[in-house]
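# A closer look at the structure
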Amino acid sequence: DTEVTQTPKHLVMGMTNKKSLKCEQHMGHRAMYWYKQKAKKPPELMFVYSYEKLSINESVPSRFSPECPNSSLLNLHLHALQPEDSALYLCASSHPGTSTYEQFFGPGTRLTVL
Amino acid sequence: DAKTTQPPSMDCAEGRAANLPCNHSTISGNEYVYWYRQIHSQGPQYIIHGLKNNETNEMASLIITEDRKSSTLILPHATLRDTAVYYCIAAGNDNYGQNFVFGPGTRLSVLP
């Protein structure tokens, strides 16, 4: 199974809502990533988890809260978002510590904040 | 991680080879060159990566210059389905993971 799955595919939420994005992989990867991609822009790294510990936080606002409950799952909890947070949120996974392997990306969750 | 620069757009005739250049003049010794592509609103798709030797797989070939400051991705027989944004990334991988920095990429249009 060489797939990263993300749910939901689309999400519309108001600025006062709390929602979560979910990412799952069963490739035995111990590094998982969240990226944000605005329209017509490249993906931007938000968070990296390595061995279930947060290893990189690219100065992301606290209204985005990542969680890695186990080695296969990665969540992104959303609270009090702003309309400018509307974007495609991508999850990826890889083997940490070796460059002989690539990152695998999921299809993304398209988020709209009203 | 090293930054990369790529031309913003390129055209290629269907059936011809598409050669996409990338400059990574600040790449360090332990950083690999990765190529991904992204078709509209989908997740980035891995194409190929390499350290210093040329690499080939079923999708493409990667030619890295001897000084490792630049590389070229070659799609040998481009099809309309190869129309996408192509990203070149230079990154290492330690136990904290891979810090991919995506540049603006090259928008490749394959023309019939």
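To be clear, the structure that these remarks concern was listed above.
This is a predicted model, so every value here is computed, not measured.

## Section: the overall build of chain B
Within chain B, the secondary structure is distributed over zero helices and nine strands. Ordering the α and β elements of chain B from the N terminus gives β-β-β-β-β-β-β-β-β. Dimensions of chain B along its principal axes, counting C-alpha atoms only, are 45 × 30 × 25 Å. Across the 112 residues of chain B, 46% fall into the buried class.

## Some points on the nonpolar core
In this structure, A:Trp34, A:Phe64, A:Leu76 and A:Leu78 are the most contacted members of the largest nonpolar core, which totals 23 residues. Those elements that place two or more of their residues in this core are strand S2 (10-13), strand S3 (18-25), strand S4 (31-37), strand S5 (44-50), strand S7 (64-70), strand S8 (73-79), strand S9 (87-94) and strand S11 (109-113) of chain A. In terms of nonpolar packing, the next biggest core, distinct from the first, is built from 21 residues, B:Ile64, B:Leu75, B:Cys88 and B:Leu108 among them.

## Digging into the sheet that holds strand S7 (residues 70-75) of chain B
Backbone-to-backbone hydrogen bonds pair the strands of a sheet. The strands run either parallel or antiparallel. Residues and elements named next belong to chain B. On the basis of which strands lie adjacent, the open sheet formed by four strands has the order S2-S7-S6-S5 and antiparallel pairing. Taken across any chain shown, the strands that pair with only one partner, and hence form the sheet edges, are strand S2 (18-23) and strand S5 (55-56). In the sheet, S5 pairs with strand S6 (residues 61-64) via two bridges, with the strands oriented antiparallel. From the neighbouring strand, Thr56 faces S6, where its bridge partner is Ser61.

The rules behind these values
- Residues numbered from 1 in each chain as written.
- Chains lettered and ligands numbered in written order.
- Predicted model: local features only at pLDDT ≥ 70, side-chain atom pairs only at ≥ 80, totals over all residues.
- Heavy atoms only, no water.
- Helix = DSSP H or I, 4+ residues; strand = E, 2+ residues; numbered from the N terminus.
- Buried < 20%, exposed > 50% of the residue type's maximum accessible area, 1.4 Å probe, protein only.
- Core = buried A, V, L, I, M, F, W, Y, C linked by side-chain atoms within 4.5 Å.
- Pairing = 2+ DSSP bridges.

Any functional reading would require information that these geometric values do not contain.
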